[in-house]
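Report on the structure
One letter stands for each residue in the lines below.
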Amino acid sequence: VSAHKVPEMLVEVIAHYNKFEGQLCYVTIAGRSNGLSGCTAGSSLHPVIACPPFSDKDDMMVNLNSTLQMPTDTPVLTVLEPQNVALCIVRIFALNNPELKQKYTEHLKRVKSSFTINF
């Protein structure tokens, strides 16, 4: 949904999901002025993680700057790596889900065990 072209649709979608009783986290993928992340966070009861796309370093700086400059009371977390966005969501959902927390704990152990010290 485009925050610039159809903001009324965005607000409608968010209002619908604000009634959702389960765990929910928005991932917004928008660059340039990144109105999507801010508008989503401004109306949502759920966490918003922005993962701005970029094609090169110049594009990354424009998209990153627009994503980091959110107004007061518009909480948007910014994570550049899509895999890390997914891991952040798992951690958020694991706060209230012991089974998921255990699976993530096992994942973290595998990650840590893949590193060795060579003297």
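Let me sum up the structure you'll find in this document.

Reading the values: rules and limits
- Residues numbered from 1 in each chain as written.
- Predicted model: local features only at pLDDT ≥ 70, side-chain atom pairs only at ≥ 80, totals over all residues.
- Heavy atoms only, no water.
- Helix = DSSP H or I, 4+ residues; strand = E, 2+ residues; numbered from the N terminus.
- Contact = heavy atoms within 4.5 Å.
- Areas by Shrake-Rupley, 256 points an atom, 1.4 Å probe, with all protein chains shown as cover.
- Lys, Arg positive; Asp, Glu negative; His and termini not counted.
- Charge placed at Lys NZ, Arg CZ, Asp CG, Glu CD.

Details of the overall build of the protein chain
In terms of regular secondary structure, the protein chain is built from 5 helices and 3 strands. Along the chain direction, N to C, the helices and strands of the protein chain fall in the order α-β-α-β-α-β-α-α. On the principal axes, the C-alpha backbone points of the protein chain span a range of 55 × 40 × 25 Å. At a minimum sequence separation of 6, the contacts of the protein chain that also span at least 24 residues come to 55%. Accessible surface, the protein chain: about 8400 Å² in total, of which carbon and sulfur atoms supply 59%. On the protein chain, the mean spot of the 10 positive side-chain charges and the mean spot of the 10 negative ones are 10 Å from each other.

Some words on the environment of Met 70
Among the secondary structure elements, Met 70 is positioned in the loop between α3 (57-68) and β3 (77-78). For the pair Met 70 and Asn 34, spaced 36 residues apart in the sequence, the C-alpha separation amounts to 9.2 Å. Leave out the neighbours within four places in its chain, and Met 70 touches Asn 34, Ser 37, Gly 38 and Val 76.

Here's the deal with the environment of Cys 39
Here Cys 39 shows up in helix α2 (residues 35-43). Sequence-wise, Cys 39 and Gly 22 are 17 residues apart; in three dimensions their C-alpha atoms are separated by 21 Å. Beyond its immediate stretch of four places on either side in the chain, Cys 39 contacts Ala 3, Leu 10 and Ile 14.

From the geometry alone we can't say anything about function, so treat these as descriptive.
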